[in-house]
Amino acid sequence: MSEDTERRRNSLKMGNDPRLFLLSLLEKKGEREMKGYKHLTYTNRLQIEAWLKAKKPVAWMAEQIGCSRATVYNELKRGMYIRKNSDWTYSKAYAPEIAEDKYQAHLRAKGGDLKIGNDYELASYLENKIAYEKYSPEAALAQIKKDGLQFKTTVSKTTLYRYIDMGLFLHLTNKDLPYKGSKKKGYHEVRPRRAPFGKSIETRPDHINSREEFGHWEMDCVEGKKGTRKTLLVLTERKTRFERVFLMNGKTSDEVIFSVLRLRERLSDGFEKVYKSITTDNGSEFASPEDMPVENNYYCHPYSAWERGSNENQNRMIRRFYPKGTDFTHVTEEDIAKVEAWINRYPRPMFGYKSSEELYLEEINMLSLPNAM
């Protein structure tokens with residue numbers, strides 16, 4: 001890399017300036033040209049198979065073909081399979097037929113010219129939104145429409161997922177995509193060993209279950225690294241999915257009560273209108289409903305996280321920033337406030353890509369509570 005290129009790269013912040021995407025693209029293109037980047041033919045694949053048997057080094061193969069070593073390594077990975085040997089052991093081997101079939105399948109999936117190929121601004125925007133701002137591809141495309149942004153081209157959600165699968169982005173891969181839902185497991189009723197600490201979810205009124213009325217919340221804890229104390233308390237409003245997140249010094253009943261009291265202090269007279277009920281599991285940290293400033297506290301059945309479905313989905317959004325095993329000892333309240341704001345401003349498909357914050361504001365304005373944020 002030249003000194004001028006290095007100087008330009010250092011002047012840009014990764015993930016915040018679209019010029020960095022263009023710079024990286026030019027660097028990558030230059031590296032490919034210098035290394036003789038090319039697509040391999042079936043003849044090349046047959047040569048590689050013979051050279052492997054002759055135990056030729058990868059660098060030597062690349063020089064003979066006129067390509068980079070990375071191209072050869074990728075080719076070996078593409079054609080690799082597990083072979084059963086005559087002595088009943090197993091080993092890895094390369095098959096040119098397998099590599100060729102995968103290459104042709106890739107070409108068929110690629111189709112015609114890539115729509116995004118020359119639209120660097122769109123590619124950079126999508127890369128930043130998904131890889132750095134942790135949006136889903138669908139939400140990133142929705143944000144473009146919501147903000148009225150104009151690019152040279154447009155791509156569908158399906159096409160964008162395909163481009164990511166094909167590895168067309170410099171800093172965006174499938175690893176950057178949010179959690180993908182799996183098939184729901186059937187619910188098997190578990191008989192509780194003791195009565196809940198308060199009202200059972202079985203007694204929760206239908207107008208709360210249907211999410212028709214604002215002001216009913218679900219509450220849970222997001223734990224940190226095993227052996228550490230700091231924990232997140234998460235409250236999710238059922239109708240709007242608006243989120244409140246608190247950093248607690250421990251997963252205890254006292255800490256939970258203290259956090260909810262902070263909410264009451266913030267809202268003052270409007271608290272009862274915004275916090276009409278809270279539904280939790282039967283964890284010991286929620287064992288003191290008589291001390292809660294919220295009158296109606298409902299408890300789920302054992303091992304029934306789906307009864308707090310909104311809470312569980314929001315927790316997955318938090319895990320985009322703080323994966324399991326995170327030590328919250330080094331996380332500040334300011335850090336948590338940023339994550340809370342990100343969740344509340346995230347465009348939601350279920351709401352026509354409105355955010356939870358927008359819906360929450362509509363509700364508190366109808367209640368004439370302008371300071372309820």
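Residues numbered from 1 in each chain as written. Predicted model: local features only at pLDDT ≥ 70, side-chain atom pairs only at ≥ 80, totals over all residues. Heavy atoms only, no water.

Overview of the packing of aromatic side chains
- The final tally for this structure, using the stated rule, is 11 aromatic pairs.
- Relative to Tyr360, the ring of Phe242 has its centre 3.8 Å away and its plane inclined at 10°; by these criteria the two rings are stacked. Here Phe242 is found in the loop between strand E5 (231-237) and strand E6 (243-248), whereas its partner Tyr360 is found in helix H15 (residues 356-366), with 118 residues between them in sequence. Considered together, Phe242 and Tyr360 belong to a single accessibility category, that of buried residues.
- Of the aromatic side chains, those joined through ring pairs into one cluster are Tyr135, Phe321, Trp342 and Tyr346.
- The cationic tip of Lys129 hangs over the ring face of Tyr135; the distance from NZ or CZ to the ring centre is 4.5 Å.
- A cation sits over an aromatic face here: Lys134 above Phe321, 5.7 Å from the ring centre. (Phe/Tyr/Trp six-rings, centres within 6.5 Å; stacked < 30°, edge-to-face > 60°. Helix = DSSP H or I, 4+ residues; strand = E, 2+ residues; numbered from the N terminus. Buried < 20%, exposed > 50% of the residue type's maximum accessible area, 1.4 Å probe, protein only. Lys NZ or Arg CZ within 6 Å of the ring centre and 35° of its normal.)

Here's the deal with the environment of Gly325
- Along the chain, Gly325 falls in the loop between helix H13 (309-319) and helix H14 (333-344).
- Taking relative accessible area as the criterion, Gly325 reaches 46% and is therefore assigned partly exposed.
- With 99 residues separating them along the chain, Gly325 and Lys226 place their C-alpha atoms 6.9 Å apart.

Considerations on the nonpolar core
- Core analysis: the largest hydrophobic core is formed by 35 residues, its most contacted members being Leu126, Leu160, Phe169, Leu232 and Ile318.
- Going through the elements one at a time, helix H7 (120-132), helix H8 (137-147), helix H9 (157-165), E5, E6, H13 and H14 are the ones with two or more residues in this core.
- Top element by residues in this core is H7. It accounts for six residues.
- Formed by 26 residues, the second largest nonpolar core is a distinct cluster that contains Met219, Met248, Val256 and Phe271. (Core = buried A, V, L, I, M, F, W, Y, C linked by side-chain atoms within 4.5 Å.)

A look at the pairing of strand E2 (residues 90-94)
- Note: strand E1 (residues 80-84) against E2, five bridges, orientation antiparallel. Counted as the bridge partner of Met80 is Tyr94 from E2.
- Between E1 and E2, which pair antiparallel one after the other, the connecting turn spans five residues, and Trp88 there sits at a positive phi close to 70°. (Pairing = 2+ DSSP bridges.)

Section: the side chain of Thr279
- Tracing the backbone through its elements, the reader meets Thr279 in strand E7 (residues 277-280).
- Exposure remark for Thr279: the relative accessible area of 0% places this residue in the buried category.
- Residues in contact with Thr279, not counting those within four places in the same chain, are Ile201, Arg204, Trp217, Glu218, Met219, Tyr298, Cys300 and Arg308. (Contact = heavy atoms within 4.5 Å.)

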